[in-house]
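Working through the structure, step by step
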Amino acid sequence: MEIKALLKQEKRYLKHCEYVLTNAKVFYWKSSKTENKIDLTSEDNKDLIERIILRQKIGEINKCINGCLASRLQKAAIDPKPYMKNYWNEIIEGFACTKNKYLTPTSFQETFLTSKESSLYRRFPDCLTAETMKNYIIYLKYYLNSLQEYGHKVAIEKTMSNFANDERMKAYYQEPALPNNWPDIYKQIKSLKTREKLLVEKADEEESSL
């Protein structure tokens, strides 16, 4: 690619990157139920950046869990699709419902797991505090290790038993929910950090050559 085309591509990337980071749409659900645009480059929103980075780590573990669940079912000549949602309901409820008290016996499920009319349907991890996300990662990793050895039924039982008295295994929620396009936002953050690293390495090289 010619230099002019590379420069044009770079400008296009930076324009997209700036737009994504400064026009993030987040959802406030506890009272106002409104979607607002926020600037993630603002220092006021650095907590959201941390939550998005942690959400990426959760997503990576989730992919490993999905792959393991699907593989075990396929080896038994079972179609994974009808079972995956129920497996995940048990995994999520194991973390979110053990120590938490909700308004009604079904409010958590209707908010996050069963009602497609809910704005937070299947978005449980997007609503957690950064500290809760870290603890959820610990929980998911333990479940994944057990799943690889025993299968889902035993894995969820062992996980629940292991964390039964662990006070870290409690869900604390935080507004706003992460943007729906958090994977793209994470991609931009990662790219910027990679560029920053390259600039630092270049500066170090130039300094050492003096």
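The following refers to the structure shown.

Conventions and cut-offs
Residues numbered from 1 in each chain as written. Predicted model: local features only at pLDDT ≥ 70, side-chain atom pairs only at ≥ 80, totals over all residues. Heavy atoms only, no water. Salt bridge = Lys/Arg side-chain N within 4 Å of Asp/Glu carboxyl O. Helix = DSSP H or I, 4+ residues; strand = E, 2+ residues; numbered from the N terminus. Buried < 20%, exposed > 50% of the residue type's maximum accessible area, 1.4 Å probe, protein only. Phe/Tyr/Trp six-rings, centres within 6.5 Å; stacked < 30°, edge-to-face > 60°. Lys NZ or Arg CZ within 6 Å of the ring centre and 35° of its normal. Contact = heavy atoms within 4.5 Å.

Throughout the structure, instances matching the rule amount to 7 salt bridges. Measuring nitrogen to oxygen at the nearest pair gives 2.1 Å for the salt bridge that ties Glu10 to Arg195. Taken together, the residues span a long stretch of sequence, with Glu10 in helix H1 (residues 3–22) and Arg195 in helix H7 (residues 182–208) at a distance of 185 residues. According to the relative accessible area criterion, Glu10 is partly exposed, its value standing at 30%. Linking Glu43 and Lys46 is a salt bridge whose minimum nitrogen-to-oxygen distance equals 3.4 Å. Exposure remark for Glu43: the relative accessible area of 55% places this residue in the exposed category. Through salt bridges that share partners, Glu50, Glu131 and Lys134 make up one connected network.

Taken as a whole, this structure holds 15 aromatic pairs when the rule is applied. Their ring planes at 15° and their centres at 6.1 Å tell us that Tyr136 and Tyr139 sit as a pair that is stacked. Of this pair, Tyr136 and Tyr139 are both found in helix H5 (residues 130–150), 3 residues apart, which corresponds to roughly one turn of the helix. With relative accessibility at 1%, the residue Tyr139 sits in the buried group. Every member of this aromatic cluster is reached through a ring pair, and the members are Phe95, Tyr102, Phe108, Phe112, Phe124, Tyr136, Tyr139, Tyr142, Phe163 and Tyr173. In this structure, Arg122 is placed above the aromatic ring of Tyr121, and the distance from its NZ or CZ to the ring centre is 5.7 Å.

Quick look at the side chain of Thr129 now. Relative to the elements of secondary structure, Thr129 occurs in the loop between helix H4 (107–114) and H5. Excluding its chain neighbours within four sequence positions, the residues that come into contact with Thr129 are Tyr172, Tyr173 and Gln174.

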